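Analysis of the macromolecular model
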Amino acid sequence: MLNSRGEYVMSKQLLRSGTSIGANVREAKNAESKADFIHKLSISQKEADETLYWLELLKVTDYLKIDEFNSINKDGVEVIKLIKSIIVSTKKNT
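In short, a report on the structure. (Residues numbered from 1 in each chain as written. Predicted model: local features only at pLDDT ≥ 70, side-chain atom pairs only at ≥ 80, totals over all residues. Heavy atoms only, no water.)

**Some points on the nonpolar core**
Among the nonpolar cores identified, the biggest contains 16 residues, and Met10, Leu41, Leu55, Leu58, Leu64, Ile83 and Ile87 are the most heavily contacted of them. Put simply, the parts of the chain that give this core at least two residues each are helix 1 (4-29), helix 2 (34-60) and helix 3 (66-92). Counting residues per element, this core draws most heavily on helix 2, which supplies seven residues. If near-sequence neighbours (up to four positions away) are discounted, leucine 55 is found in contact with Leu14, Leu64, Phe69, Ile72 and Asn73. (Core = buried A, V, L, I, M, F, W, Y, C linked by side-chain atoms within 4.5 Å. Buried < 20%, exposed > 50% of the residue type's maximum accessible area, 1.4 Å probe, protein only. Helix = DSSP H or I, 4+ residues; strand = E, 2+ residues; numbered from the N terminus. Contact = heavy atoms within 4.5 Å.)

**A word on helix 3**
Here helix 3 spans 38 Å end to end across 27 residues, near enough to the 39 Å set by a 1.5 Å rise per residue. Along helix 3, the residues that are buried comprise Phe69, Asn73, Gly76, Ile80, Ile83, Ile87 and Thr90. Buried-residue contacts for helix 3 involve helix 1 and helix 2. (Expected span 1.5 Å × (residues − 1).)

Here it is, written out as structure tokens:
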């Protein structure tokens, strides 16, 4: 059996960064200005990237199967692309 403490720590970090993505998108919806909107989405993008980092660690330590990783990672990359696209569009329209 693998070290469950290590899995717990990485999973907890994954949960924290993963839920922060949505929380910051929600905050962006209620932004006080376009600059605030961009800032909140930028934080969300960073949290999405951090989430991919924790997924990678879970994969290389064999806590996550490769097919599970590939599926979740693909979704995570798409989320980052979407957020980045919104940020770029908003900056162009500012």
